[in-house]
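# Remarks on the overall topology
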Amino acid sequence: MSWPKSDADHLIVSSSQMKEIEQKLFSYGMTEEALMEKVGLSMKDFLISNFNLLESGVVVLVGPGHNGGDGLVVARELFLDGVDVSLWCPFPIKRSLTKSHLSYCISIGITQLQSEPDVTGNCFWIEAFFGLGQTKPLPKEIGNLFKKREKFTPGKLISLDVPAGICSDTGKTFDTCAARAISTLTVGLIKVGLLQDMALPYVGSLKRIDIGIPSGVLNLLPKDVPLKISSNDIISLKAPQIECNASKYERGRLAVIAGSKKYRGAALLTLQGAIASGTGSVQAFLPKSISKYAWIKVPEVVFEEESNEEIELIKCLKKIKFDRIESLVVGPGIGLSIEKWEDSALILEEFLGLLVLDADALNRISCSQQGWEWFRKRKGPTWITPNPNEFCRLFPEIDISSPINAASLAARISGVGVLLKGANTVIAVPNGPIWQLTNTSSFVARAGLGDVLAGFVGGIGALGMISEGSFDHGLLAVAALIHSYAASECEEGTNAAFVSKKLGKLFKAIQMKKVQFDT
Ligand SMILES: NC(=O)C1=CN([C@@H]2O[C@H](COP(=O)(O)OP(=O)(O)OC[C@H]3O[C@@H](n4cnc5c(N)ncnc54)[C@H](OP(=O)(O)O)[C@@H]3O)[C@@H](O)[C@H]2O)[C@@H](O)CC1
Ligand SMILES: [K+]
């Protein structure tokens, strides 16, 4: 799936890739001075339009390198626009361009503070201490200053390019201290560390400052550079298209094996997620105690009643007519069991449709002798939707500290589509791009939403299996994005039942809009 475009709005790069691009621009004749002006002016425009700086005033925290230089251009332009600006430069300035900007700022009358700014002051702090040139912890006194600022005047700090103290590649703090920004204005392209879960409280809302990188330069990046996806990309996504005269059996058929005595709700929520996908038919294998009542909540589902209180996977699988379903979801709430995964594995290997494995199905595989290597035996496509703990159990040899690298490696070695849940979920598919969700709502982390996601993913997968052309693993990213967007847009509340309703409405609207665009 070539979605979204591999352009400056979507590419996620490492600090060295960003520096290489910058060097390429310079080698073509762009000057450092011109680039810094461009960056600073654009940052200033954004700040003026989005923050009440004229009333509050600003202190710009100036570092020794070019990040400090960006801060000084911003300081100069805000000052010339009538904002009350002062500077604080606690480090000896190292870069000559930064030195020139500092001299000019002082000569036009901007105040330079001689001691640290008041942490209780109501003005905004614009942190331009360090950007891509960070490799070590912040000096202790600077770290403590940020801690006090956060304690006494939270929400009044904006970082330029990268918050001081945060590694732009890993998203980790170099030590325990870093600037906690309400917003980070990052230069050129999005740096990978800024999107990782541990960095999010420090980065705040992330704004990319465009520097007009020509597409010829962007094309020099490796083809497997990850892409960020957010609600802005919903408009351009390709939802599976089904012929308007298709019967319910031609609109994707899905079976779900879910639930246990302990996790009754999981089964229901998975079914609600599946229904939200608009798939033609849903069949459910649930423990007796659940299916007895579930039909009241989801009357459109066909229940194959299990006689026991706990699911016996092998018994369910033997009942399924595999040539009559496009996808099968196994796992939400089924719990661990004395049943061996190997007993069911043979039947699942042969299934040519899409197999979606979640939660305890994954845990059962982790406990099996073959572990994830079993995935390679599957004859049809497979998607897995682990949370980080499930992922680590399944792929103990993969270091998860970079979720992008971890999901990508797992997809590559196992041949399955991997949706690794997190505050910014990562999706990696075999031989395909890697996506990371951004600007996600923290509501997605609520209990039950993972079950809704598993059902929805299974439903979208069933639609994908039945629509024309070869099966597109990229639909896993499409499903993840729509699910996340539904959670953030749900007016009724954040619990899973409300979100699944919203998901159904939203997905239908997305599909209808496509029809309108196509005609
Ligand atoms: N990408 C782009 O296209 C563009 C990028 N631009 C901007 O340039 C920035 C990169 O500039 P840069 O290379 O000068 O590095 P930057 O981070 O400012 O400072 C490095 C200095 O800080 C020091 N230092 C670091 N950490 C420290 C610590 N904890 N405690 C104390 N000192 C520490 C470090 O010292 P050293 O480690 O060498 O001893 C070195 O002296 C980039 O982030 C963006 O804002 C735009 O202007 C143009 C377009
Ligand atoms: K910074």
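Residues numbered from 1 in each chain as written. Chains lettered and ligands numbered in written order. Predicted model: local features only at pLDDT ≥ 70, side-chain atom pairs only at ≥ 80, totals over all residues. Heavy atoms only, no water.

- Where an unreviewed UniProt entry is consulted, the chain appears under the name Bifunctional NAD(P)H-hydrate repair enzyme, with the organism given as Prochlorococcus marinus.

## Section: the coordination of the potassium ion (ligand 2)
- Bound to the potassium ion (ligand 2) are the protein donor atoms N67 (OD1), E127 (OE), E127 (OE), F130 (O), L160 (O) and V162 (O), situated 2.5 to 3.0 Å from the metal.
- One way to put it: the six donor atoms around the potassium ion (ligand 2) meet at angles of 45 to 155 degrees, and that makes the site irregular.
- Here the donor residues of the potassium ion (ligand 2) are spaced in sequence according to N-x59-E-x2-F-x29-L-x1-V.
- Using a relative accessible area of 0% as the deciding quantity, one classes L160 as buried. (Donors = N, O, S within 2.8 Å, 3.2 Å for Na, K, Ca; no water. Tetrahedral: all angles 85-135°; square planar, octahedral: opposite > 155°, others 65-115°. Buried < 20%, exposed > 50% of the residue type's maximum accessible area, 1.4 Å probe, protein only.)

## Notes on the site of ligand 1
- Around ligand 1 lies a shell of 23 residues, among which N67, D70, G131, L132 and D161 are the nearest.
- In this structure, E22 approaches ligand 1 through a side-chain N or O atom, which is 3.4 Å from a nitrogen atom.
- Within the contact set of ligand 1, an oxygen atom lies 2.6 Å away from a backbone nitrogen or oxygen of G131.
- With the chains in place, 84% of the 940 Å² that ligand 1 exposes on its own is no longer accessible. (Near = heavy atom within 4 Å. Polar contact = N/O pair within 3.5 Å; in protein donor to acceptor, adjacent residues only side chain to side chain. Areas by Shrake-Rupley, 256 points an atom, 1.4 Å probe, with all protein chains shown as cover.)

## A short note on the packing of aromatic side chains
- Counted under the stated rule, the structure contains 14 aromatic pairs.
- Judged by centre distance (5.3 Å) and plane angle (90 degrees), the ring pair of F91 and F129 falls under edge-to-face. In this pair, F91 is assigned in the loop between β3 (85–88) and α5 (96–107) and F129 in the loop between β5 (124–128) and α6 (140–152), connecting sequence segments 38 residues apart.
- Ring plane angle 50 degrees and centroid distance 5.0 Å describe the contact between F322 and F351, whose orientation is recorded as tilted. (Phe/Tyr/Trp six-rings, centres within 6.5 Å; stacked < 30°, edge-to-face > 60°. Helix = DSSP H or I, 4+ residues; strand = E, 2+ residues; numbered from the N terminus.)

## Considerations on the side chain of K44
- Structurally, the position occupied by K44 is in helix α2 (residues 32–50).
- By relative accessible area, K44 is classed as buried at 11%.
- Side-chain polar atoms of K44 contact the side chain of D81, separated by 3.1 Å.
- Residue contacts for K44: discarding those within four places in its chain leaves V74, E77, L78 and D81. (Contact = heavy atoms within 4.5 Å.)

## So, unusual backbone geometry
- A cis geometry characterises the amide bond from W3 onward to P4, with omega recorded as -10 degrees.
- Residue D161 is not a glycine yet carries a positive backbone phi of 70 degrees.
- Its identity as a non-glycine residue notwithstanding, A359 has a phi of 45 degrees, on the positive side.
- Relative to the elements of secondary structure, A359 occurs in helix α13 (residues 359–367).
- In this structure A359 comes out as buried when scored by relative accessible area, which is 14%.

## A look at the packing of helix α4 (residues 66–80) against α5
- At a minimum axis distance of 8 Å, the contact between α4 and α5 shows a crossing angle of 25 degrees. By the angle between their directions, the pair α4 and α5 is classed as roughly parallel. Viewed along their axes, α4 and α5 form a crossing whose handedness is left-handed. Only L97, T98, H101, L102, Y104 and C105 of α5 make contact with α4, whose side of the interface consists of H66, G68, G69, L72, V73 and R76.
- Taken together, the residues of the contact of α4 with α5 sort by class into six nonpolar, five polar and one charged. (Axes fitted to C-alpha atoms, helices over the stretch in contact; angles between N-to-C directions. Parallel < 35°, antiparallel > 145°, perpendicular 65-115°, else oblique. Left-handed = near helix turned anticlockwise from the far one by under 90°. Nonpolar A, V, L, I, M, F, W, Y, C, P; charged D, E, K, R; others polar.)

## Overview of the sheet that holds strand β4 (residues 111–112)
- Ordered in space as β4-β3-β2-β5-β6-β7-β9, the seven strands form an open sheet in which the pairing is parallel. The outermost strands of the open sheet, each flanked by one partner alone, are β4 and β9 (205–209).
- Alignment of β5 against strand β6 (residues 157–160), held across three bridges, turns out to be parallel. Each bridged residue has a counterpart across the sheet, and for I126 the counterpart in β6 is I158.
- Here α6 sits on the sheet in contact with β2 (58–62), β3, β5 and β6, set at roughly 150 degrees to β5. (Pairing = 2+ DSSP bridges.)

## Brief notes about empty space enclosed by the protein
- The final tally for this structure, using the stated rule, is two cavities of 30 Å³ or more.
- Estimates place the volume of the second largest cavity at around 40 Å³.
- Every residue lining the second largest cavity is listed: F146, R149, E150, T153, P154, G155, L157 and R180.
- When residues in the lining of the second largest cavity are grouped by element, the largest group, three residues, is from α6.
- Among the residues forming the lining of the second largest cavity, the class breakdown is three nonpolar, two polar and three charged. (1 Å grid on protein atoms, 1.4 Å probe; cavity = no way out; pocket = protein on both sides within 12 Å on 5 of 7 lines; lining within 4 Å. Points joined across faces, edges and corners; volume = space filled by probe spheres on them.)

## Here we look at the domain arrangement of the chain
- According to the domain assignment, the chain contains domain 1 (12–225) and domain 2 (248–518).
- Between domain 1 and domain 2, the C-alpha centre-to-centre distance is 41 Å.
- Counting from both sides, the interface comprises nine residues of domain 1 and, opposite them, nine residues of domain 2.
- Summed over both partners, the interface of domain 1 with domain 2 comes to about 710 Å²; 52% of that surface belongs to carbon and sulfur atoms.
- Looking only at domain 1, the three residues that lose the most surface to domain 2 are L195, Q196 and D197, adding up to 50% of its buried area.
- Here the residues of the side of domain 1 that touches domain 2 sort into five nonpolar, one polar and three charged. (Domains from an automatic or database assignment. Buried area = accessible area lost by both parts, 1.4 Å probe.)

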